[in-house]
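What follows is each chain in one-letter form.
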Amino acid sequence: MNKYTRMSDEWDRWLDASLDKGCRTQDIVAAMVAANYDAAYAERAVQERLARRAQAAPAAATAGPYRYGTPTIRHRNNLIATSDRTVRVSMRIEQPVIAVLDDVFSAEECDAVVALARARLQPSATLSPTTGENQVKEHRTSLGAFLDDADEPVLRRLNRRIAEIMNQPVAHGEALHVLHYGVGAEYKPHHDYFDPANSGFAATLRRGGQRVATLIVYLNDVEEAGDTIFPKLGLSIVPRKGSAVYFEYVNAEGQLDEASLHGGAPVTRGEKWVATKWVRQGVFK
Ligand SMILES: O=C(O)CCC(=O)C(=O)O
Ligand SMILES: [Fe+2]
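Criteria and thresholds
- Residues numbered from 1 in each chain as written.
- Chains lettered and ligands numbered in written order.
- Predicted model: local features only at pLDDT ≥ 70, side-chain atom pairs only at ≥ 80, totals over all residues.
- Helix = DSSP H or I, 4+ residues; strand = E, 2+ residues; numbered from the N terminus.
- Buried ≥ 20, exposed ≤ 12 C-beta atoms within 10 Å, placed from the backbone.
- UniProt positions renumbered as here; feature names shortened; annotations may be inferred.
- Pairing = 2+ DSSP bridges.
- Contact = placed C-beta atoms within 7 Å.
- Axes fitted to C-alpha atoms, helices over the stretch in contact; angles between N-to-C directions.
- Domains from an automatic or database assignment.
- Core = buried A, V, L, I, M, F, W, Y, C linked by C-beta atoms within 7 Å.
- Expected span 1.5 Å × (residues − 1).
- Arc of directions from axis to C-beta.
- Near = placed C-beta within 6 Å.
- Nonpolar A, V, L, I, M, F, W, Y, C, P; charged D, E, K, R; others polar.

We now examine the environment of valine 104. Note on placement: valine 104 falls in the loop between strand E3 (97–102) and helix H5 (107–118). For valine 104, a count of 26 C-beta atoms within 10 Å corresponds to the buried category. Sequence separation between valine 104 and threonine 131 is 27 residues; the distance between their C-alpha atoms is 36 Å.

Structure representation (C-alpha cells):
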C-alpha cells in the first residue's frame, strides 16, 4: 500500500492538538508512520507545523525591548478608591510597572481567606513548559489552593475589590490562589506570564489568553524574611498583613516584560500566607 503524503483535515487538527499537549515531535512522527504516513513526509509536516506555530506566536511578532505605555493600574494616584475600601499607594515604579499598596484587605479579611484556604492546601504545582501538565517541583516549596468564590460572599467581595484596584474586569481574573510557606519554603524567581514559545502552555493560553498582571496580597506579618523579590531590580518587598504588591508585564502589543521576574524568598522564621490574583487578557474560562 502506498504511504500517505497528504494530511486530512482530521489529522491536521490532531497534529495541532498533539503539539498543544506538548507531545514530543518524535512521538508524533512515530504515530503518523504507524498510521501509514510516509516517514519523511511525516517528519517534514511536523517540522513545518512547528515553524508556522512559532511564527504565529506573539513573542516573535513583538520582538525588541519592552515598550512601556500607560499603566493599567491607576497607581499615579496616591489613593485608589474601590466600591468598599480606599487603598493607599505606598511605593510605585514605572518600569517595570510595580506598586506596593496598603489597606488592600482588613486584618479580618486576611484571617477569613486563610481559614478558607487552610483545609484545601496542596503542594504547589507549576505547569510544565513542555507537557503543560501540573508538576510539583522543588523551586516552589509552598502549599497552595485556588479558592472558588461561588458560595463565598467574602471572596466575591474581595475579588470585586481586587478587580477595581487592578482596573480589570472581574471575569478576567483566575480564582484567588492562596499560598502558605513554612520555614525554608520559597518560590524561586519566575515570570507569571506563560512563554508562548513553550508548546506546553498552549492549553492554558486558550483559557483567556496571556496573564497580564498580578496582585499578591500578604495575609500575615512574617516573623523573618519571606520577601517578594524582583532580582532584576534588586527590589525586595517585606510582607505586611493586608498590604499587597501589584505588577504588570504585558502591553497592548502583547510584548512580555522580562523585568517582572520575581519570587518569594525563603521564610527563615515563622510562616507566610499570600493570596495571589492573576489576571488574563480575556475572560478566564
Ligand atoms: O510569595 C511571594 O512573595 C510570591 C508569590 C508569587 O510569585 C506568585 O504567587 O505568583
Ligand atoms: Fe509569581
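Under the feature "domain: Fe2OG dioxygenase" (unreviewed entry), the UniProt entry names residues 172–281. This span, residues 172–281, is 4% helix and 42% strand, and a straight line between its end C-alpha atoms measures 7 Å.

Take the sheet that holds strand E8 (residues 176–181) next. On the basis of which strands lie adjacent, the open sheet formed by nine strands has the order E1-E2-E3-E14-E10-E17-E8-E7-E4 and antiparallel pairing. Lying at the two open borders of the sheet, with one neighbouring strand each, are strand E1 (79–81) and strand E4 (122–123). The sheet strands contacting H5 are strand E7 (143–147), E8 and strand E17 (272–280), and the helix crosses E7 at an angle near 105°. Contacting E1, strand E2 (86–93), E3, E7, E8, strand E10 (211–218), strand E14 (244–248) and E17, helix H6 (residues 153–166) crosses the sheet at an angle of about 125° to E10.

Our focus in this paragraph is the domain arrangement of the chain. The accessible area lost on association of the parts is a frequent measure of interface size. Here the chain is partitioned into domain 1 (9–56) and domain 2 (79–280). Each of domain 1 and domain 2 was reduced to a C-alpha centroid, and the two centroids are 36 Å apart.

What follows deals with the nonpolar core. In terms of nonpolar packing, the biggest core is built from 48 residues, with Val217, Ala244 and Tyr246 touching the most fellow members. Secondary structure elements with two or more residues in this core: E3, H5, H6, E8, E10, E14 and E17. The element contributing the most residues to this core is E10, with six residues. Other than its neighbours up to four places away in sequence, tyrosine 246 contacts Ile73, Ile98, Ala99, Leu101, Met166, Ala213 and Leu215. Within the second largest apolar cluster, seven residues are counted, among which are Val29, Met32, Tyr37 and Ala42.

The strand order E9-E15-E12-E13 describes an open sheet built from four strands, whose pairing is antiparallel. In the strand order of this sheet, the two ends are held by strand E9 (187–190) and strand E13 (235–237), each with one partner. Put simply, the sheet's adjacent strands are angled 15° from each other on average, direction ignored. Where E9 and strand E15 (residues 262–264) come together, two bridges link them in antiparallel fashion. Bridge pairing in E15 places histidine 190 opposite histidine 262.

In this section: H6. Relative to the 20 Å expected for 14 residues at 1.5 Å per residue, H6 spans 20 Å between its end C-alpha atoms, a close match to the ideal helical length. Of the residues making up H6, those classed as buried are Leu155, Leu158, Arg161, Ile162, Ile165 and Met166. On an axial view of H6, the arc spanned by its buried residues comes to 130°, and they lie on one face. Downstream of H6 by a residue or two, asparagine 167 has a phi angle that is positive, lying close to 60°.

Close contacts around ligand 1 come from Leu179, Tyr187, Asp192, Thr214, Ile216, Thr228, His262, Gly264, Val274 and Thr276, and that covers them all. When contributions to the shell around ligand 1 are tallied by element, the ones reaching two or more residues are E10, E15 and E17. Residues belonging to the shell around ligand 1 are distributed by class as follows: four nonpolar, five polar and one charged.

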